[in-house]
Amino acid sequence: MELRRPTLADKDAILAMIAEFEQEASPHDGGFWDWEDFVYEDWLASNQDAEIGLHLPDGWVPAIQLVGFEDGVAVGFLNLRLRLSDYLLHQGGHIGYSVRPSQRGKGFAKAMLEQSLLLSRGKNIHRTLVTCHQDNPASRAVIIANGGVLEDVRDGVERYWID
């Protein structure tokens, strides 16, 4: 599994993944889009802007949008936030991720989080906050498998730090 920034060449694979998330009405933490008004090329440009902190919505922080690929199939989204806002400190963390419904249970979330932790260290984030909802045992297992240590639970959100 390869975790990397999406490119124009990935358009069909990513559109298929987005369509699956939409068809299943599945949450897509780590991937942000407006399906009603989605233009892939604009999404790529907004990802590049977000990485350097340009044109961010209020309350958002610079972030790197990544996509996991396995044999040319887009398997999941991961968003690496380069700093924490007050909201992210309490609820969202440095990293948000989701695996497309048809690819869950295959270890992709664990691999994506592991690879993103290496990238975060390169971005001078040496203590990474990752969160999950209390009713998401799969995400909890992924975080713990990557070294997450529970700090506390706030409003139903478990907060884990990974050194």
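Everything numeric in this text was worked out from a predicted model, so none of it was measured. (Residues numbered from 1 in each chain as written. Predicted model: local features only at pLDDT ≥ 70, side-chain atom pairs only at ≥ 80, totals over all residues. Heavy atoms only, no water.)

**Structural notes on the overall build of the protein**
Right, on to step 1. Across its full length, the protein holds 5 helices and 7 strands.
Right, on to step 2. Moving toward the C terminus, one meets the helices and strands of the protein in the order β-α-α-β-β-α-β-α-β-α-β-β.
Right, on to step 3. Principal-axis analysis of the C-alpha atoms gives the protein an extent of 40 × 35 × 30 Å.
Right, on to step 4. Counting over 163 residues, the protein shows a buried share of 45%.
Right, on to step 5. Accessible area for the protein stands at about 8500 Å²; split by element, carbon and sulfur atoms hold 50% of it.
Right, on to step 6. Side-chain charges in the protein split into 15 positive and 25 negative, and the spacing between the mean points of these groups amounts to 7 Å. (Helix = DSSP H or I, 4+ residues; strand = E, 2+ residues; numbered from the N terminus. Buried < 20%, exposed > 50% of the residue type's maximum accessible area, 1.4 Å probe, protein only. Areas by Shrake-Rupley, 256 points an atom, 1.4 Å probe, with all protein chains shown as cover. Lys, Arg positive; Asp, Glu negative; His and termini not counted. Charge placed at Lys NZ, Arg CZ, Asp CG, Glu CD.)

**What about the nonpolar core?**
Right, on to step 1. Residues L78, I95, Y97, L113, V130 and I143 are the most contacted members of the largest nonpolar core, which totals 21 residues.
Right, on to step 2. Those elements that place two or more of their residues in this core are strand 2 (63–70), strand 3 (73–81), strand 4 (95–99), helix 4 (108–122), strand 5 (128–133), helix 5 (137–145) and strand 7 (157–162).
Right, on to step 3. When residues of this core are assigned to their parent elements, the largest contribution, 5 residues, is made by helix 4. (Core = buried A, V, L, I, M, F, W, Y, C linked by side-chain atoms within 4.5 Å.)

**Observations regarding the packing of helix 1 (residues 11–24) against helix 2 (residues 40–51)**
Right, on to step 1. Where helix 1 meets helix 2, the closest approach of the two axes is 11 Å, and the angle between their N-to-C directions is 95°. What the angle tells us is that helix 1 and helix 2 run roughly perpendicular. Along its contact with helix 1, which presents K11, I14 and L15, the element helix 2 presents Y40, E41 and W43.
Right, on to step 2. Class assignment for the residues of the contact of helix 1 with helix 2 results in 4 nonpolar, no polar and 2 charged. (Axes fitted to C-alpha atoms, helices over the stretch in contact; angles between N-to-C directions. Parallel < 35°, antiparallel > 145°, perpendicular 65-115°, else oblique. Contact = heavy atoms within 4.5 Å. Nonpolar A, V, L, I, M, F, W, Y, C, P; charged D, E, K, R; others polar.)

**As for the packing of aromatic side chains**
Right, on to step 1. On inspection of all chains with the given rule, the structure shows 4 aromatic pairs.
Right, on to step 2. Consider the rings of Y40 and W43, whose centres lie 5.6 Å apart with planes at 40°: the pair is tilted. Of the two residues, Y40 and W43 both sit in helix 2, 3 residues apart, roughly one turn of that helix.
Right, on to step 3. Site record: aromatic cluster; members linked through ring pairs are F21, F38, Y40, W43 and F77.
Right, on to step 4. Here the basic side chain of R4 rests over the ring of F69, its NZ or CZ set 4.1 Å away from the ring centre.
Right, on to step 5. The side chain of R127 reaches across the aromatic face of W161, ending 4.2 Å from its centre. (Phe/Tyr/Trp six-rings, centres within 6.5 Å; stacked < 30°, edge-to-face > 60°. Lys NZ or Arg CZ within 6 Å of the ring centre and 35° of its normal.)

**Brief notes about the pairing of strand 4**
Right, on to step 1. Of all 5 residues making up strand 4, 5 are buried, and the element is well covered by its neighbours.
Right, on to step 2. Burial along strand 4 is two-sided: I95, Y97 and V99 and G96 and S98, pointing in opposite directions, are all buried.
Right, on to step 3. Relative to strand 4, strand 3 runs antiparallel, the two being bridged by 5 bridges. Looking at the pairing, G76 lines up with V99 of strand 4. (Pairing = 2+ DSSP bridges.)

**A short note on helix 1**
Right, on to step 1. Taking 1.5 Å per residue, 14 residues should reach 20 Å; helix 1 reaches 20 Å between its end C-alpha atoms and fits that length.
Right, on to step 2. Every buried residue of helix 1 is listed here: A13, I14, M17, I18, E20 and F21. Seen along its axis, helix 1 keeps its buried residues to an arc of 155°; they face one direction. Exposed and oriented more than 90 degrees from the buried face of helix 1 are D12 and Q23.
Right, on to step 3. Packing partners of the buried residues in helix 1 comprise helix 2, strand 2, strand 3 and strand 4.
Right, on to step 4. Two residues or fewer after helix 1 comes A25, characterised by a positive phi angle close to 50°. (Expected span 1.5 Å × (residues − 1). Arc of directions from axis to C-beta.)

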